[in-house]
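Chain by chain, the residues run as shown.
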Amino acid sequence: MISFFICLIALVAGYFTYGKLVDSTFGPDDRETPAVRINDGVDYVVMPQWKLFLVQLLNIAGLGPIFGALQGALWGPIVFLWITCGTIFAGGVHDYFSGMLSERNEGASISEVTGKYLGSGMKTVMRIFSVVLLIMVGTVFAKGPAGLIVKMIDPAGEGTGLVASATFWLVIILIYYFIATFISIDAIIGRIYPIFGICLIVMAVGVAFGIITKPEYQIPEIWNSLYNMHPKATPIWSFMFITVACGAISGFHSTQSPLMARCLKSEKQGQFVFYGAMVGEGIIALIWAAAGCAIYEKTGGLSTGLLESIGGGQSAAVYDVCIKTMGKVGVALAMLGVIACPITSGDTAFRSARLTIADWAGLDMKKWQTRLALTIPVLGAGAVISQLDYTIVWRYFSWTNQTLAMIVLWSASMYLYREKKNYWITAVPATFMSAVSATYFLLAPECLGNFLNAKTAEGATIYNTAVAYPIGIIVAVVFLAIFIKATKKPAPEQA
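Notes on the structure in this doc start here. Please read these numbers as outputs of a predicted model, since none were measured by experiment.

**Side note on the packing of helix α5 (residues 64-72) against helix α13 (residues 270-295)**
Packing of α5 against α13 brings their axes to within 8 Å, and their N-to-C directions diverge by 40°. The hand of the α5/α13 crossing is right-handed. Residue-level contacts link Pro65, Ile66, Ala69 and Leu70 of α5 to Glu281, Ile284, Ala285, Trp288, Ala289 and Gly292 of α13. Here the residues of the contact of α5 with α13 are counted per class, giving 8 nonpolar, 1 polar and 1 charged.

**Considering the packing of helix α4 (residues 49-61) against helix α12 (residues 252-261)**
It is the contact of α4 with α12, at a shortest axis distance of 9 Å, that shows an interaxial angle of 155°. Judged by the inter-axis angle, α4 sits roughly antiparallel to α12. At the point where α4 passes α12, the crossing takes the right-handed sense. Residues Leu52, Val55, Gln56, Asn59 and Ile60 of α4 form the contact with α12, whose participating residues are Phe252, His253, Gln256, Ser257, Leu259 and Met260.

**Considerations on a nonpolar patch on the surface**
The grouping of Val171, Ile172, Ile175 and Ile179 at the surface amounts to a nonpolar patch, some 320 Å² of accessible area in total. You can see Ile175 is positioned in helix α9 (residues 166-182). The partly exposed category is assigned to Ile175, whose relative accessible area is 47%.

**What about unusual backbone geometry?**
With an omega of 5°, the peptide bond between Trp237 and Ser238 qualifies as cis. Looking at the secondary structure, you find Ser238 in helix α11 (residues 236-244). Phi at Asn39 takes a positive value of approximately 40°, unusual for a residue other than glycine. Judged by its relative accessible area of 40%, Asn39 is partly exposed. Unusually for a residue other than glycine, Glu106 sits at a positive phi of about 60°. As for its position among the elements, Glu106 is in the loop between α6 (79-104) and α7 (110-118). Residue classification places Glu106 among the partly exposed residues on the basis of a relative accessible area of 37%.

Reading the values: the criteria
- Residues numbered from 1 in each chain as written.
- Predicted model: local features only at pLDDT ≥ 70, side-chain atom pairs only at ≥ 80, totals over all residues.
- Heavy atoms only, no water.
- Axes fitted to C-alpha atoms, helices over the stretch in contact; angles between N-to-C directions.
- Helix = DSSP H or I, 4+ residues; strand = E, 2+ residues; numbered from the N terminus.
- Left-handed = near helix turned anticlockwise from the far one by under 90°.
- Contact = heavy atoms within 4.5 Å.
- Nonpolar A, V, L, I, M, F, W, Y, C, P; charged D, E, K, R; others polar.
- Parallel < 35°, antiparallel > 145°, perpendicular 65-115°, else oblique.
- Patch = residues over 30% accessible without salt bridge, like charges linked within 9 Å, V, L, I, M, F, W, Y side chains within 5 Å.
- Areas by Shrake-Rupley, 256 points an atom, 1.4 Å probe, with all protein chains shown as cover.
- Salt bridge = Lys/Arg side-chain N within 4 Å of Asp/Glu carboxyl O.
- Buried < 20%, exposed > 50% of the residue type's maximum accessible area, 1.4 Å probe, protein only.

If you want it as structure tokens, here you go:
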């Protein structure tokens, strides 16, 4: 339990120290923000700082710091290190710069921002990449809550009525997504998100309190379990770094940050809104990872109990944790937080997809007819994807998500280079994530894993790390070399 509290304290301290360093490196000033200058009453709306923080937290949280952290706990308490260091040195930096660079560019979508600093070719790639990712995320964050609602209504899985159907709740959620994507950002998102944000925070505190106070649960120490505890022997590098995703660093966040960049009253709110929300998500992920490590039995030093729980469905695992840590009294609030969390990321995912396409095509979003013309096909695509297997969609989301984070960090590095500022603050995590993304692409079954890896007679995967690890490192070094070479050229004049 000591290592859990050390990591918790480190996350809070990281906000006030490294977060301040990141903020001072960027250099916020008193210039008029897009929310004040444009203020169209639809997407550009000034919001108070406390509301910006809670909305940003819900936008980026989704299922990631809950489902991802529980899955990350399969590797044991070593996941605490990734959540803590990833949040402070990578995720917080990524979220801050994606938000503030958008703010400096009229609240532009992340595809337009990366295009400005990495070239027109990357802009085209990122436009397609972002829209596909956002629709996948929105779909994932619709199917997950639908399953959770059914689990809460019918824990035993015996119901056959309409309200016990995941399809029924999926339709309801998609209808809500349509409304939230179409109307002004402060009509629903700005009003109800703070309430759900409080529920999410209370839920995390409740789970943490249950783990700490119940003697039957013991959070293992990192130094006593510094090895791979995954029952399937799945490599820590790079699977754990991809799996945890939103609890440490997530490219999805860069698609959400522009929403709040369009609502900042002052640039000096950036550290609290962007870096602070990522630290909040890191804390939530740390709590859920601790729950996964503490509650379930180990067999031969492996996380077999947790694997069995997750095997029954991620929704069932979340429900199980809530029951065991808070009992029936707190489970309603906990489930509300877990359900609201992904729903409130799903609607902003579709909203971001609409805005990305609008920026791409240069469309004015003031007219309701234009918004409707974009909202219908975006939600229609989500409805089609929702018919695919949830786990397949999530696996493809995982790699594309972290690859997007890598690209955004390289974009921020180029910005800092042009501004003659310390670009290593973003170039180092960009290099790290380049190695992570490349290695995962080689080893993951949904990518090249089926060609590179082998199988035992029993069907277990033998990961070809001897090939994948060096190639992943080489890719990262090549990317860093390309960036360093670019810094040797005279920086172009800023418009």
